[in-house]
Amino acid sequence: MNPYDEFYELIFDYLKRFAFPGEWLAVDIAMSKQELFTMMILDRLKEATMSQLADQMNFPMSTATGIVDRLVKKGYLERSRNETDRRVVVTVLTEKGREFAEKIKSLVFTYAQRAFDALDEEERETAFRIIDKVIASFQKYNEETRQTDAEKSKVRKITIE
């Protein structure tokens, strides 16, 4: 048996119960994960320039602009020009966007509360250490992949005789 089979089965069997419970039905999530992520970034930052958003999302500026365009059209974000430098575009959540972000955060907090109520203090500390370790391994893998991709895409000089 593959050592990851048990993990796969656990995720497959229980993730749908965690990710798609009845509480989520009350929230209209008619947006992509990139749009949701953008809104949650703006909820944390309160306002951000397009450059800051693109950097936080780790997307090219053109992708970030498209995401912001869709969210502005849906009424979740507002865009404005910086008063001191008109070239700089600043984005903020609208009232509708803030209300939506609060609904999402409330659901996440509800799940966190349920999870942590089932654990004692030592188990919570252990869980955080494990989560930190798993996230660090993902980050390391992503950095190594980016380095490998960058090395592959280097321009090579070919000598022509």
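Now for a look at the structure at hand. (Residues numbered from 1 in each chain as written. Predicted model: local features only at pLDDT ≥ 70, side-chain atom pairs only at ≥ 80, totals over all residues. Heavy atoms only, no water.)

### Overview of the overall build of the protein chain
Along the protein chain, the regular secondary structure elements total seven helices and three strands. Sequence-ordered secondary structure for the protein chain, helices as α and strands as β, is α-α-α-β-α-α-β-β-α-α. Counting all 161 residues of the protein chain, 20% fall into the buried class. Here the analysis covers contacts within the protein chain between residues at least 6 apart in sequence; of these, 50% occur between residues at least 24 apart. Put simply, the protein chain shows about 12900 Å² of open surface, and 56% of that area lies on carbon and sulfur atoms. (Helix = DSSP H or I, 4+ residues; strand = E, 2+ residues; numbered from the N terminus. Buried < 20%, exposed > 50% of the residue type's maximum accessible area, 1.4 Å probe, protein only. Contact = heavy atoms within 4.5 Å. Areas by Shrake-Rupley, 256 points an atom, 1.4 Å probe, with all protein chains shown as cover.)

### Some words on the sheet that holds strand β3 (residues 89-93)
Here we have three strands laid out as an open sheet, ordered β1-β3-β2, and antiparallel in their pairing. Here the strands that pair on one side only, and so sit at the sheet edges, are β1 (47-49) and β2 (77-81). Averaged over all neighbouring strand pairs, the angle between strand axes comes to 25°, with direction disregarded. In terms of strand pairing, β2 meets β3 through five bridges, oriented antiparallel. Across the sheet, residue Arg79 finds its bridge partner in β3, namely Thr91. Most of the contacts of helix α3 (residues 33-45) go to β3, to which it runs at about 95°, and overall it touches β1, β2 and β3. (Pairing = 2+ DSSP bridges. Axes fitted to C-alpha atoms, helices over the stretch in contact; angles between N-to-C directions.)

### Focus on the pattern of salt bridges
Summed over all chains, the structure comprises seven salt bridges. Taking the shortest distance from any N to any O, the salt bridge between Arg79 and Asp69 comes out at 2.4 Å. Here the residue Arg79 occupies a position in strand β2, and Asp69 occupies one in helix α5 (residues 61-73), the gap between them amounting to 10 residues. Using a relative accessible area of 34% as the deciding quantity, one classes Arg79 as partly exposed. We note a salt bridge from Glu121 to Arg124, for which the minimum N-O separation is 3.1 Å. Placement of the pair is Glu121 and Arg124 together in helix α7 (residues 121-152), with a separation of three residues, close to one helical turn. (Salt bridge = Lys/Arg side-chain N within 4 Å of Asp/Glu carboxyl O.)

### Here's the deal with the pairing of β3
For β3, the buried fraction is high: four of the five residues fall into the buried class. One ladder, built from three bridges, connects β1 with β3; its direction is antiparallel. Within the sheet, the bridge partner assigned to Ala48 lies in β3 and is Thr91.

### A word on α3
Because each turn of an α-helix spans 3.6 residues, side chains separated by three or four positions end up pointing in the same direction. With 13 residues, α3 should cover 18 Å at 1.5 Å per step; its first-to-last C-alpha distance of 18 Å lies within 8% of that length. Of the residues making up α3, those classed as buried are Glu35, Thr38, Met39, Met40, Ile41, Leu42 and Asp43. Looking at the buried positions of α3, the neighbouring elements they touch are β1, α4 (50-57), α5, β2, β3 and α6 (95-117). (Expected span 1.5 Å × (residues − 1).)

### Notes on the nonpolar core
Grouped together as the largest cluster of nonpolar side chains are 21 residues, with contacts concentrated most on Met39, Leu53 and Leu71. Of all elements in the fold, only α3, α4, α5, β3 and α6 reach the threshold of two or more residues within this core. Leu71 has contacts with Met31, Glu35, Thr38, Met39, Tyr76 and Leu77, leaving out every residue within four places of it along the chain. (Core = buried A, V, L, I, M, F, W, Y, C linked by side-chain atoms within 4.5 Å.)

### Regarding a nonpolar patch on the surface
Together, Phe128, Ile131 and Ile135 make up a nonpolar patch on the protein surface, roughly 270 Å² of accessible area in all. Along the chain, the position of Ile131 falls in helix α7. Ile131 sits in the partly exposed class, given a relative accessible area of 43%. (Patch = residues over 30% accessible without salt bridge, like charges linked within 9 Å, V, L, I, M, F, W, Y side chains within 5 Å.)

Shape descriptors only; they carry no functional weight alone.
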